[in-house]
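Observations on chain architecture
Single-letter residue listing:
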Amino acid sequence: KAGIPLGVMKVLDPRQLKPDSTETERILTVFDETIVKLEIARLIPQIIGSLERFARMLGPEITSSLLEHQKLSVEIQDLLASPGDEERRRAVEQRLKCSLRNTLRLFLANPLLYHGLKYEVWVRESSADVFIKAFKEFRDFTLERLLTSPDEEKEKIQFMEDISLRVEENTETISALLAELEAAIQTRDEEVNSKDKKIENLKTSMENLAKDCKADIQQITKEGEKQQKEDEKASQDRCARLEEDVLRLRAQFKALVLEHRASELVLRKKKCETEREIEKWVQKYDADMAEKQATYEEVDAVYNEEKAQLALLMEKHALLLQEYTEIEEERRMLKEKAEEAAREAARRNDAATYIQAFWKGYLVRSIYKSKLKKGKGKGRGRGK
């Protein structure tokens, strides 16, 4: 790893790749949402098969959507089994696609429900899992391609070329080493053959030596018999001494047995007392465990009751959330209408102001023109 460039390490290890632009994050978001939709679509047949079990968790809206989807699925299967009306089949397929999109939208609006069902529903491995796995690998491959710059691509290509060159060099080195190994094996075989010849020569020498040593062995045997007689006499004397020691040790053994029996009685009394104490502790432990078991059962009953209440509250929360969304939408529409009315009133006020200003200007011009005409009439009279 010390000799691998940093860019090549990022390409070889996709876990080090991180999105570096908004476009890349958007593309990854689309991939991730598609993966979630595929996983939900994989769970839908199993959920429909156990719809009574999950009805309370799903809520009325999702349950009705799943029932509609099941109805359309059965209808499309009947149409495929008996081909004939292509136009009706296309219409049912379109309705089935719309139903699936609507169901996926409802599940995506409640991520907690999807994650809960993911661990509740058991799905047997199928071709859909293979497709999802391949799609995830395609997502990682796309991320790698998006985040790999041209320089990093060149570094990767150069790195792979260097590795190929090293492989060729290592192949040549291995070939040379194999040749050396064959030569060493041949040398070893020659040494083994020479050693085998030496061993044969040594065996022949040993046979000759055995013949020469036969007379010596007979003499040694006589001396051994003489030594054996002497050893037997010494052994008898030693056995007499050992019998005396055995008698003495038996007396000591009897004294020790008496002593140990007394200590055994004391230890047995202690053992009985200890067993009675253990019995008391066991009874106390059983009583404590019975009390704790009763407490546990009470707590478990309270927990189950609260769990049921929580499920009801979750269902009410989903309904309230839907009502809240509808109220917010109505408020937004009323606000838009009020803003549109305010803008219309502002336009009317501006138009009225503009008309009044134009009318005032017109009146001022009319009055000014009439005054000018009167002034011109007076000037002509004075001239006459």
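For the structure itself, look to the data block above.
Residues numbered from 1 in each chain as written. Predicted model: local features only at pLDDT ≥ 70, side-chain atom pairs only at ≥ 80, totals over all residues. Heavy atoms only, no water.

1. Observations concerning the packing of aromatic side chains
- Evaluation of the coordinates by the stated rule reveals five aromatic pairs.
- With a centroid separation of 6.4 Å and 35° between ring planes, the pair formed by F131 and F135 is classed as tilted. Of this pair, F131 and F135 both sit in helix α7 (residues 127–147), four residues apart, which is roughly one turn of that helix.
- Here F135 and F138 contribute two aromatic rings whose centre-to-centre distance is 6.4 Å and whose plane-to-plane angle is 50°, an arrangement assigned as tilted. Remark: F138 and F135 occur in helix α7; sequence separation between them is three residues, near one turn of the helix.
- For F135, a relative accessible area of 17% gives the class buried.
- Aromatic ring contacts, followed pair by pair, group F31, F131, F135 and F138 into a single cluster. (Phe/Tyr/Trp six-rings, centres within 6.5 Å; stacked < 30°, edge-to-face > 60°. Helix = DSSP H or I, 4+ residues; strand = E, 2+ residues; numbered from the N terminus. Buried < 20%, exposed > 50% of the residue type's maximum accessible area, 1.4 Å probe, protein only.)

2. Structural notes on a negative patch on the surface
- Together, E279, D286, D288 and E291 make up a negatively charged patch on the protein surface.
- With respect to the element layout, D286 can be found in helix α8 (residues 150–383).
- Overall, the relative accessible area of 44% leaves D286 in the partly exposed class. (Patch = residues over 30% accessible without salt bridge, like charges linked within 9 Å, V, L, I, M, F, W, Y side chains within 5 Å. Areas by Shrake-Rupley, 256 points an atom, 1.4 Å probe, with all protein chains shown as cover. Salt bridge = Lys/Arg side-chain N within 4 Å of Asp/Glu carboxyl O. Lys, Arg positive; Asp, Glu negative; His and termini not counted. Charge placed at Lys NZ, Arg CZ, Asp CG, Glu CD.)

3. With respect to the layout of surface pockets
- There is about 1200 Å³ of room inside the largest pocket.
- M57, L58, N110, L113 and M314 are, among the 30 residues lining the largest pocket, the residues nearest its centre.
- Only α3 (51–58), α4 (60–81), α5 (86–108), α6 (111–120) and α8 provide two or more residues apiece to the lining of the largest pocket.
- Here the lining of the largest pocket gets twelve residues from one element, more than from any other, and that element is α8.
- In terms of residue class, the lining of the largest pocket is made up of 17 nonpolar, six polar and seven charged. (1 Å grid on protein atoms, 1.4 Å probe; cavity = no way out; pocket = protein on both sides within 12 Å on 5 of 7 lines; lining within 4 Å. Points joined across faces, edges and corners; volume = space filled by probe spheres on them. Nonpolar A, V, L, I, M, F, W, Y, C, P; charged D, E, K, R; others polar.)

4. Description of the nonpolar core
- Within the largest apolar cluster, 15 residues are counted, with the highest numbers of intra-cluster contacts made by I47, L58, I62, L66, F107 and L117.
- At the level of elements, α2 (22–49), α3, α4, α5 and α6 are the ones that each hand at least two residues to this core.
- Per element, the largest residue contribution to this core is five residues, and it comes from α2.
- Core analysis: the second largest hydrophobic core is formed by five residues, L72, L79, V92 and L96 among them. (Core = buried A, V, L, I, M, F, W, Y, C linked by side-chain atoms within 4.5 Å.)

5. Quick notes on α5
- The terminal C-alpha atoms of α5, which comprises 23 residues, lie 33 Å apart, in line with the 33 Å expected from a rise of 1.5 Å per residue.
- Of the residues making up α5, those classed as buried are R89, V92, L96, S99, T103, L104, L106 and F107. (Expected span 1.5 Å × (residues − 1).)

6. Observations concerning the packing of α2 against α7
- The contact between α2 and α7 brings their axes to 10 Å, and the two run at 175°. By the angle class used here, α2 and α7 are roughly antiparallel. Mapping the contact onto sequence places T24, I27, L28, F31, D32, T34, I35, L38, E39 and R42 in α2 and A128, D129, F131, I132, F135, K136, F138, R139, T142, L143, L146 and L147 in α7.
- Class assignment for the residues of the contact of α2 with α7 results in 13 nonpolar, three polar and six charged. (Axes fitted to C-alpha atoms, helices over the stretch in contact; angles between N-to-C directions. Parallel < 35°, antiparallel > 145°, perpendicular 65-115°, else oblique. Contact = heavy atoms within 4.5 Å.)

7. Points about the packing of α2 against α4
- It is at 11 Å that the axes of α2 and α4 come closest, and there the two elements cross at 100°. When the axis of α2 is compared with that of α4, the two are roughly perpendicular. Residue-level contacts link I44, I47 and I48 of α2 to L66, H69 and Q70 of α4.
- In terms of residue class, the contact of α2 with α4 is built from four nonpolar, two polar and no charged.

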